[in-house]
Amino acid sequence: FKENRKDDTWLVDFYAPWCGHCKKLEPVWNEVGIEMQNMGSPVKVGKMDATSFSSIASEFGVRGYPTIKLLKGDLAYNYRGPRTKDDIIEFANRVAGGGGPLIRPLPSQHMFEHVQKRHHVLFVYVGGESPLKEKYIEVASELIVYTYFFSASEDVLPEYVTLPELPAVVVFKDGTYFVYDEYEDGDLSSWINRERFQGYLNVDGFTLYELGDTGKLVAIAVIDDKNSSVEHTRLKSIIQEVARDYRDHFHRDFQFGHMDGNDYINSLLMDDLTVPTIVVLNTSNQQYFLPDKHIENTEDMVRFINNILDGTAEAQGGDGLLQRIKRIIYDAKSTIVSVFKSSPLLGCFLFGLPLGVISIMCYGICTADSDGGVHEHEAAKKENGDRELTDEGSEEEQEEEKNGKYTELSDGELKQKDIMEKKKD
């Protein structure tokens, strides 16, 4: 694979055997491979254990599991969309191109209408050769992983489209169209990256991750799709109305949508949000905003958004030091729980073995210190005992010497006494 991969276009799933998300993807991935083969696609589908072939995974910048990449020559395109069969196949066909051009021409109105029915968001370059077209091609090569890029002449466009000048870049979505304005919209790449989403989305974890590149705040109604109660449908309708009726006011700063369930959002915020509720996320710095009062209607939601824009709404979370420490602890805890849930035996091995080794080492160190202390104490006691014996021996010797000296002195005195008596005689 490593030697011959540049000769073909590959769609590869880099996985880890212990990863729960990888196991969920496996049946979908098998369907992708079968479907691509039945379609006669030139794209080859494969998967690789990134833990066994870590050098290859590192070469392609794999940092999480599962990671899906399309390898085309020297280029590697990341897939960050929903992990469904149709979405993955659509990504592969779009990026691989089937040998076709990066910018697909639309030669007729019929073709334009056909393409518009198939795509919710449609970028079209209108006009001849120009610096804008060169920039458009450059941006397309970068963002082809997200959306299609087309070109057409002005007479191919629908009659309701009015362009102020040519050349132009137009995006068709939400039943209408918007024309790129360099002075108001800034860089073309940033504009396309912001506009590649519909005005209102069904938000999941993958979509939220991609929205982080747009620089927009994300206003979400967190609901239960299976719950048809008034409160759930009401909050969803409020967000939809704001996205539709206030687009001109907020579309540069906000993306709108709803999310089914609060599991992902709770893990993201490290908080426990009740369902249903409304939350506004700032994905660039991990901050989030919660309404200070209940959202009853569209006017309340607009007021809440304006408070965020003028800075009067209180921001929570963030990417400060304490939050980062909290995130590290939370992610570590989540990873451990995930490993034990997906594979209890592997979890026991991964975490039990190191803890066992550390426990044995600590026990050995503590035991060695304790035994050494006992031996030192006994040695000191023995030394003190010998010293006492030595001292006692010295005292006895001194006493004997004293007695001996006394004996010697007594004998001398006796002899001296005998001499004195003899002299007297």
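Residues numbered from 1 in each chain as written. Predicted model: local features only at pLDDT ≥ 70, side-chain atom pairs only at ≥ 80, totals over all residues. Heavy atoms only, no water.

Visitor: In this structure, what is going on with the packing of aromatic side chains? I would like to understand it.
Guide: Each aromatic ring pair is summarised here by two numbers: the centre-to-centre distance and the angle between the ring planes. Under the criterion given, the structure shown has 15 aromatic pairs. Taking the centre distance of 4.8 Å and the plane angle of 50° together, the rings of Tyr79 and Phe91 count as tilted. Separated by twelve residues along the polypeptide, Tyr79 in strand 4 (residues 75–79) and Phe91 in helix 3 (residues 85–96) bring together distant segments of the chain. Tyr79 sits in the buried class, given a relative accessible area of 11%. (Phe/Tyr/Trp six-rings, centres within 6.5 Å; stacked < 30°, edge-to-face > 60°. Helix = DSSP H or I, 4+ residues; strand = E, 2+ residues; numbered from the N terminus. Buried < 20%, exposed > 50% of the residue type's maximum accessible area, 1.4 Å probe, protein only.)

Visitor: Is there a simple way to explain the sheet that holds strand 13 (residues 277–282) in this structure?
Guide: The strands that make up a sheet are held in pairs by hydrogen bonds between backbone atoms, and each pair lies either parallel or antiparallel. Spatially, 10-12-11-13-14-15 is the arrangement adopted by the six strands of the open sheet, whose pairing is mixed. The sheet is open, and its two edges are formed by strand 10 (200–202) and strand 15 (316–317), each paired on a single side. The pairing of strand 13 with strand 14 (residues 287–289) spans three bridges and is antiparallel. Bridge pairing in strand 14 places Asn282 opposite Gln287. Together, strand 10, strand 11 (217–223), strand 12 (254–260) and strand 13 form the strand contacts of helix 9 (residues 230–245), whose direction differs from that of strand 11 by roughly 155°. Of the strands in this sheet, strand 11, strand 12, strand 13 and strand 14 touch helix 12 (residues 298–309), which is tilted by about 120° from strand 12. (Pairing = 2+ DSSP bridges. Contact = heavy atoms within 4.5 Å. Axes fitted to C-alpha atoms, helices over the stretch in contact; angles between N-to-C directions.)

Visitor: Can you walk me through unusual backbone geometry in this structure?
Guide: Excluding glycine, residues mostly carry a negative phi; peptide bonds, for their part, are mostly trans. Put simply, Tyr65 and Pro66 share a cis peptide bond, and its omega is -10°. Following Val275, the chain continues into Pro276 via a peptide bond in cis, with omega recorded as 0°. Structurally, Pro276 is set in the loop between helix 11 (263–269) and strand 13. One non-glycine residue with positive phi stands out, namely Gln286, at about 65°. Assignment of secondary structure puts Gln286 in the loop between strand 13 and strand 14.

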